[in-house]
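These are the residues of each chain, in order.
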Amino acid sequence: MIRGVIFDVDGTLLDSMGIWEVAGVRYLENIQVEPEPGLSKILYPMTIEEGVAYTKEHYNLPQSAEEITQGLLMVVRDFYYKEVQAKKDVIEFLEKLYTNKIPMIIATAGHKEYAEAALKRLGMDHYFQEIRTCSELVRGKHEPEIYLQCASIVAESRKK
């Protein structure tokens with residue numbers, strides 16, 4: 001018997017992984033700079049800091065690294081607020097769990113604000129008790145704390 005479910009957001013509930021492949025291209029297009037062919041493949045394996053440094057130097061941009069970083073984050077934010085879609089069949093699955101009164105919670109390394117906005121826009125927010133983020137715990141998903149916290153919340157809700 002399933003007593004509760006802890007979900008990830010990116011790539012599990014939301015079809016959001018692709019934004020990281022195109023964020024640099026979209027940023028450059030937003031500032032009217034023509035991205036080179038294959039830029040996504042160049043930037044994808046880099047950290048944000050490495051990608052920002054590459055973009056600033058390669059395109060000789062006058063913006064500071066901080067301004068470029070903020071621009072990239074706005075591209076990602078806009079994607080979650082306006083474009084991201086649910087993964088195939090996820091809503092139907094969530095509805096089955098919800099109908100069977102199985103508590104659900106989210107554990108994510110992503111931005112809480114972005115996840116909340118996307119889930120609300122897609123009509124999925126009511127399925128989840130909470131969203132817990134790694135940044136709240138200052139620990140990554142490779143550490144057990146976020147899962148233990150989520151499991152505790154789910155267990156408490158089962159008692160009610």
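Each chain carries its own residue numbering, running from 1 in the written order of its sequence. This being a predicted model, a pLDDT of at least 70 is required before a residue's local features are given, and a value of 80 or more before pairs of side-chain atoms are given or counted; all residues contribute to the totals for chains, interfaces and linings. Water and hydrogen atoms play no part in the side-chain values, which are based on all heavy atoms of the structure.

Caption draft 1: Representation of the packing of helix α3 (residues 48-58) against helix α4 (residues 65-82) in the model. Angular values range over 0 to 180 degrees, each being the angle between N-to-C directions of two axes fitted as lines to C-alpha atoms, with helices fitted over their stretch in contact. To qualify as a helix, a DSSP run of H or I must reach at least 4 residues; to qualify as a strand, a run of E must reach at least 2; elements of each kind are numbered from the N terminus. Contact pair α3 / α4: the axes reach a minimum separation of 10 Å and the direction vectors enclose 115°. In terms of axis orientation, α3 runs roughly perpendicular to α4. Both α3 and α4 take part in a crossing whose hand is right-handed. Judged by residue contacts, I48, V52 and K56 of α3 engage A65, I68, T69 and L72 from α4. Residue composition of the contact of α3 with α4, by class: 5 nonpolar, 1 polar and 1 charged. Roughly parallel means an angle under 35 degrees; roughly antiparallel means over 145; roughly perpendicular covers 65 to 115; every other angle is labelled oblique. Helix crossings fall into two classes, left-handed where the near helix is turned counterclockwise from the far one by less than a right angle and right-handed where it is turned clockwise. Working rule for contacts: check all heavy atoms of both residues, and any pair within 4.5 Å makes them a contact. Polar here means any residue other than Ala, Val, Leu, Ile, Met, Phe, Trp, Tyr, Cys and Pro, which are nonpolar, and Asp, Glu, Lys and Arg, which are charged; Gly is therefore polar.

Caption draft 2: Spotlight on the environment of S40. Residue position: S40 is located in helix α2 (residues 39-43). For S40, a relative accessible area of 22% puts it in the partly exposed group. C-alpha of S40 to C-alpha of R26: the two residues are 14 residues apart in sequence and 9.9 Å apart in space. Dropping the residues within four chain positions of it, S40 is found in contact with E21, V22 and V25. Under the scheme applied here, a residue whose accessible area is under 20% of the maximum for its type counts as buried, over 50% as exposed, and between as partly exposed, the area being computed with a 1.4 Å probe on protein chains only.

Caption draft 3: Representation of the sheet that holds strand β2 (residues 104-108) in the model. Two strands make a pair as long as DSSP finds a minimum of two bridges between them. With respect to topology, 3 strands assemble into an open sheet ordered β1-β2-β3, the strand pairing being parallel. With one partner strand each, in any of the chains shown, β1 (5-7) and β3 (131-133) form the two edges of the open sheet. Strand-to-strand twist in this sheet, taken as the mean axis angle between neighbours without regard to direction, amounts to 25°. As paired strands, β2 and β3 are joined by 3 bridges and run parallel to one another. When the bridges of β3 are listed, I106 appears paired with I131. Along the sheet, helix α5 (residues 90-99) makes contact with β1 and β2, crossing β1 at roughly 150°.

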